[in-house]
Amino acid sequence: QVQLVESGGGLVQAGGSLRLSCAASGRTFSRYMMGWFRQAPGKEREFVAAISWSGGGTYYADSVKGRFTISRDNAKNTVYLQMNSLKPEDTAVYYCAVDKRPLRVVITTQSGEYDYWGQGTQVTVSS
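Residues numbered from 1 in each chain as written. Predicted model: local features only at pLDDT ≥ 70, side-chain atom pairs only at ≥ 80, totals over all residues. Heavy atoms only, no water.

A. Quick peek at the nonpolar core. With 36 residues, the main nonpolar core has W36, L81, M83 and Y94 as its most contacted residues. Counting residues per element, the ones that place at least two in this core are β3 (18-25), β4 (32-39), β5 (46-51), β7 (68-73), β8 (78-83), β9 (92-102) and β11 (121-126). Discounting residues that sit within four places of it in the chain, L81 has contacts with L18, R19, L20, W36, V48, A49, F68, T69, I70 and Y94. (Core = buried A, V, L, I, M, F, W, Y, C linked by side-chain atoms within 4.5 Å. Buried < 20%, exposed > 50% of the residue type's maximum accessible area, 1.4 Å probe, protein only. Helix = DSSP H or I, 4+ residues; strand = E, 2+ residues; numbered from the N terminus. Contact = heavy atoms within 4.5 Å.)

As structure tokens, this is what we get:
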């Protein structure tokens, strides 16, 4: 059974930083693209960032480009999201997710292409 467990969320002041982690099990982690999504109160879930199965390719939402960095450690079955220069509008529950297809060539931002999700971790940025 696939399990994804996020950690690292919390309360931070605007301009601060947080690093989220997502530990995966139950699937050959190194063969799958991983993504981060977020959902703010009253809003739909939105794509944040994704990283290819090899780690050689990344893609970011325009709203976080230049501030967030996604990375992965396949030896530890873990994906990370380093978040710098945080803004109040980054406040949301952040979810990691694993691609439904192994060895996908093109990064996808579509939530429907990810079949397992973590429980989420709350990030709150105060102004």
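Okay, back to it.
B. A look at the state of the cysteines. Counted under the stated rule, the structure contains 1 disulfide. Between C22 and C96 runs a disulfide, and the two sulfur atoms are separated by 1.9 Å. In this structure, the disulfide formed by C22 and C96 twists by about 50° around the S-S bond and is classed as right-handed. With C22 in strand β3 and C96 in strand β9, this pair connects stretches of sequence that are 74 residues apart. The same class applies to C22 as to C96, namely buried. (Disulfide = S-S within 2.5 Å.)

C. Seen up close, the sheet that holds β7. In spatial order, the strands read β1-β3-β8-β7; together these 4 strands make up an open sheet with antiparallel pairing. Of all strands in the sheet, those with a lone pairing partner are β1 (3-7) and β7, marking the two edges. Going from strand to strand, the sheet's axes swing by 15° on average, the running direction of each strand aside. Strand direction decides the pairing type here: β7 and β8, joined by 6 bridges, are antiparallel. Looking across to β8, one finds that S71 is bridged to Y80. (Pairing = 2+ DSSP bridges. Axes fitted to C-alpha atoms, helices over the stretch in contact; angles between N-to-C directions.)

D. How the structure looks around the pairing of β11. Judged by which residues are buried, β11 turns out to be one-sided: T121, V123 and V125 face inward and are buried, whereas Q122, T124 and S126, on the alternate face, are not. Two elements, strand β2 (residues 10-13) and β11, share 4 bridges in a ladder whose sense is parallel. For G10, the partnering residue across the bridge sits in β11 and is V123. The pairing of β9 with β11 spans 3 bridges and is classified as antiparallel. Bridged to A92 within β11 is V123.

E. Broad picture of the pattern of salt bridges. Evaluation of the coordinates by the stated rule reveals 7 salt bridges. Between K65 and D62 there is a salt bridge, and its shortest N-O distance comes to 3.1 Å. Judged by its relative accessible area of 65%, D62 falls in the exposed class. A salt bridge links R67 to D90; the nearest nitrogen and oxygen atoms lie 2.7 Å apart. One end of the pair, R67, is in the loop between β6 (58-60) and β7; the other, D90, is in the loop between β8 and β9, with 23 residues separating them in the sequence. For the pair shown, R67 and D90 are each scored as buried. A single network of salt bridges, built from pairs that share partners, joins R38, E46, R67 and D90. (Salt bridge = Lys/Arg side-chain N within 4 Å of Asp/Glu carboxyl O.)

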